[in-house]
Structure formats: structure tokens, C-alpha cells
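Read off the chains here:
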Amino acid sequence: MGATPYWQIESAVTGVCWPALPAPGGASVLALLFWLERTQWLTLERLREHQLRQLQVLLRHALVTVPYYRDRWGGAYDPATPLTFERFTALPLLTRRELQEQFEHLKSRSVPPGHGGIRESKSSGSTGTPVRILKTRLSGLFWNAFTLRDHAWHRRDLRGKLATIRAGIPEGEFEHWGAATAGLVADGPSAVRGVRDSVQSQLRWLEQQQPDYLMTYPSIAAELAKLVISGGNRLPRLREVRTLGEQLAPEVRALCREAWSVPVRDVYSAEEVGYIALQCPEHEHYHTVEEGLLVEILDEQDRPCAPGQLGRVVLTSLHNFAMPLIRYELGDYAEPGEPCACGRGLPVLRRLAGRVRNILVTATGERYWPTFEPRSPAWPASIRQRQIAQIEYDLIELRLVSEAALSVEQEGRLRALILSRLPAGFRLRFDYRAQIARSSGGKYEDFVCEIPARLTDGSR
Ligand SMILES: [Zn+2]
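What you are looking at is a predicted structure, and each value in this text was computed from that prediction instead of being measured. (Residues numbered from 1 in each chain as written. Predicted model: local features only at pLDDT ≥ 70, side-chain atom pairs only at ≥ 80, totals over all residues. Heavy atoms only, no water.)

Now, about the overall build of the protein: what can you tell me, with residues and values included?
Looking only at helices and strands, the protein features 11 helices and 21 strands. A globule of 460 residues ought to have a C-alpha radius of gyration of about 23 Å, and the protein, at 23 Å, matches this closely. Along the three orthogonal principal directions, the C-alpha set of the protein runs to about 70 × 60 × 40 Å. Looking at the 460 residues of the protein, the share that counts as buried comes to 53%. Working note: accessible area of the protein is about 20300 Å², and carbon and sulfur atoms make up 53% of it. Taking the 57 positively charged and 53 negatively charged side chains of the protein as two groups, their mean positions are separated by 2 Å. (Helix = DSSP H or I, 4+ residues; strand = E, 2+ residues; numbered from the N terminus. Rg over C-alpha atoms; globule rule 2.2 N^0.38 Å. Buried < 20%, exposed > 50% of the residue type's maximum accessible area, 1.4 Å probe, protein only. Areas by Shrake-Rupley, 256 points an atom, 1.4 Å probe, with all protein chains shown as cover. Lys, Arg positive; Asp, Glu negative; His and termini not counted. Charge placed at Lys NZ, Arg CZ, Asp CG, Glu CD.)

I'd like a rundown of the nonpolar core, residues and numbers included.
Of all hydrophobic cores here, the largest spans 101 residues; its most connected members are L59 and W260. With eight residues, helix α6 (residues 137-153) is the single largest residue contributor to this core. Setting aside residues up to four positions removed in sequence, L59 forms contacts with W73, Y77, L83, F88, L91 and I326. By size, the runner-up hydrophobic cluster in this structure holds 21 residues, among which are L398, L406, I418 and F447. (Core = buried A, V, L, I, M, F, W, Y, C linked by side-chain atoms within 4.5 Å. Contact = heavy atoms within 4.5 Å.)

I'd like to hear about the packing of aromatic side chains, residue by residue, with values.
Counted by the stated rule, this structure contains eight aromatic pairs. With centroids separated by 6.3 Å and ring planes inclined at 35°, the aromatic side chains of F142 and F146 adopt a geometry described as tilted. Placement of both F142 and F146 in helix α6 is noted, with a separation of four residues, approximately one turn of the helix. Across this residue pair, the class does not change: F142 and F146 are buried. Considering the side-chain rings of W177 and Y213, the 5.3 Å spacing of their centres and the 65° angle between planes classify their relative orientation as edge-to-face. With W177 in the loop between β5 (172-174) and β6 (190-193) and Y213 in strand β7 (residues 213-216), the pair connects residues that are 36 residues apart, well separated along the chain. Y213 shares its class with W177; the two are buried. Ring pairs connect the aromatic residues Y68, Y69, W73 and Y77, which therefore count as one cluster. It is R132 that lies over the ring of F103; its NZ or CZ is 3.9 Å from the centre. (Phe/Tyr/Trp six-rings, centres within 6.5 Å; stacked < 30°, edge-to-face > 60°. Lys NZ or Arg CZ within 6 Å of the ring centre and 35° of its normal.)

Break down the packing of helix α1 (residues 24-39) against α6 for me, citing the residues and quoting the values.
Each pair of packed helices can be described by the angle between their axes along with the distance between the axes. Direction vectors running N to C along α1 and α6 enclose 55°, while the axes themselves pass 9 Å from each other. Taken together, the axis directions place α1 and α6 in an arrangement best described as oblique. Seen along the crossing, α1 lies across α6 with a hand that is right-handed. Of the residues in α6, those touching α1 at G25, S28, V29, L32, L33, L36, E37 and T39 are L141, F142, N144, A145, F146, L148, R149 and A152. (Axes fitted to C-alpha atoms, helices over the stretch in contact; angles between N-to-C directions. Parallel < 35°, antiparallel > 145°, perpendicular 65-115°, else oblique. Left-handed = near helix turned anticlockwise from the far one by under 90°.)

Limitation: the analysis is restricted to geometry and does not speak to function.
Below, the structure written as C-alpha cells:
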């Protein structure tokens, strides 16, 4: 598969249009993409060798220029000894709370000049306290290269129109898709709209836009698809729904296929590190972007999870020398998978289970990522919104926005469905509401754990 399936590279030199000579920034992105096309096929062993070479440089830099690591590691890291994967994974974890509290101590005192200007960015704060992080210009370079990898993997026609519905970015109509393509690859226009409107007005807006690609949160894609299935206008040009920002339930893929006959392609990213994983071109699971990050999935004893075992996402950002994140515990849960049949050596994440607040926990500390067969006929058609919350170790609250009150029989069927998906011993109560709000970051959660003791600990 070529790197640029449909793309025309834009030249920055007057009088030369083919082969194009892009401007230096764009040339660096294409150079990275050239390597990414090759590194994706390396075996995991070879990928780890390359990562260790880069880690050796990063760890030395952190030890010498970042007070936090100098204090924290003590003698645990000796830069004179060659780094092995075992030695690396013996280093302590950095929690989200430590990143919040130790911000000043995590700043590098001396960033190599070639890494470009430093800027601060902030997470959306949907978990409560936002997380601040420093990044260099290189973060943008890698972000753009991985964006192009995602476009290449899914063979997007970049001359098409992109419509985006999400929070936290400037709204309006634009000549380009975004920073990764503008001035580098001939691309089409894009339009961005926030999430505050009703789903009806979002669909009307999309009908005006007639996009080839739609990018939004899974919860919004699902609502739009339901509206279309129930008789709303279709979007005849639409080729793909791109999702981000929330857990993508299999139901959303099914709804988008039914509404528009298009696939859903999901990405997994976080403000602190950029892209974490992209959907495989041939499967519905994800490949971690190991050229930018070392991704570990760890159990509660900090041991690597086996395929199929849900664990905590721990990340090391390979190129952020302004604020190195080394074995950073993001606060998300994911499940590793077996090596992919597509042939790429990049490790597989089979499921992304979201934040700790989206994980059910029992009084004995066992963790589950519950799913509730959202397409089961037990869910009455009158239900507009739903959210399932764990209130106590044995109590579940089912929050419903419904156009009509549910009968005793309907409630009974729902209760049976939900309790059948949980460990034994749970009780369930119903809570009817006028609306279920999105979080401050504009996102929507199907399942939330609201046991107070767990919410006071910001790190896990
Ligand atoms: Zn694959």
C-alpha cells in the first residue's frame, strides 16, 4: 500500500509542480511518513530495539535536566549501563495526579534547540481537574505524520469535504482539513460545529454541508444515525464516519452501517501524548503508534496484561523533551490483543474501555467494563438517552430520558438485561430525567462509576 493513495503533494518552489518540493516543515512530515510506512511492518522485537535506542537518549535527558526524575529515580537508573526493556519497566510509574501536582518539577531545564518552541496545552478536564503539559514543535510534527498515516491506512480521498462536530476547537468553514494537510497535500474544505445543538439541527447542518467524511464523538454519530434510520434525510456523499474522544461501542458501527452504509474508523488519543492508537486498516481493533510512544497495558500488580485482559494504560512519550512523560499512567483502561493478521508488527489493542470512572468495581476490588446490549429489544423505542451509573458497590442506577413512562413489564425486562451483565448481587433502581448532560469536555458516557471513595483518588 502506497503512502499517498490519492494525494497530490503541494510544491513550495515556484516553477516546480512535479515532482513537488514541499516547504521544510512539510518535507519533515513526509520524511517521517516515509519511515512510518516501513516501521509499521517491523516485528515487535525490532520495534522494541529501536525504542530502546530512543529511550536511552530520553532517559539520560530526563535524569540530567528534569528535577522530578532526578529525585524520583535515585540510583534506580544508571545512564552508563545499556538500557534493557526489563530495566526500563522497573522504573516507577508517574500518575496523573503527580503530573498535576509536580508540573514545575517535571519541566526540563534545558530542551535541545532543534526541538522547536515550547507551548503549554491542557486536557479538556472532563475528569474534573484538567492536566497541563508542555510540548515542543516536534509534537506537532509527529501529530501531523500520524494523522497522515491514519488517512493513508483508510485510503481517504483528501479532496473530499470533511465535516466535524465536536467541542473545544474553533468553529466555522475552512479551506483545508487541518494542520496535517494544509499547504502540504491538496485537500478539500472542512466545516466545524460545536456540540451544543440538538441532534436534529446537527443533521440539518450536515445536509447543508453534504460531507464526504464526518468526524465526531461516537455518541453523536449514534444519535445522528438513529435519526436517519427513523426517517431523517440521508447524506448521499458520506463515505466514512471518523470517531474520537469516547469509547466506541460496536452498536455505533452497526448504526452507521444501517444509516449510511459506511464504516466507522476510530482513533485513540490524549492531550498529554497525542495519538495513542489508530484503527487497523483491515480490522476493527487498534494498532498503537509505537514510533511515538511506548505503550504498556498493566494489571493491578503492574505486570503486563495478556491478550484479553483489561489493564491500565501506561505511556512513555518518546520525543517530548520539554516535559518527558516516562511510564505515565494515563488513567484509561484497555485490553491488548493478539498480533494482527494484517502483518503489521505494531501491537494491538482489542478494546478501549475508557477512564477508571467508566469501570465497574466490586467491594473486593475486581474490575469490569460492563456492556449492556444496547440494541436489545428490551430497550423500549421511547428511550431517547440512557446512562448507567454505579452508585454503591452493589447499587446501579439506570438513568433514562424517555418520551413515555415505562410499564412495569418494560422495567422488569430492562432490569433483567442489565443485572444479567453484572456480577451477582447488584440491585438496580430507575431514575427518569429530562436530560442527561454531556461532560464539560463535550463527551458522553454510557457507564459511570460514582462511588465517592473512588472519585477522590485522581490517579486511578
Ligand atoms: Zn492490523
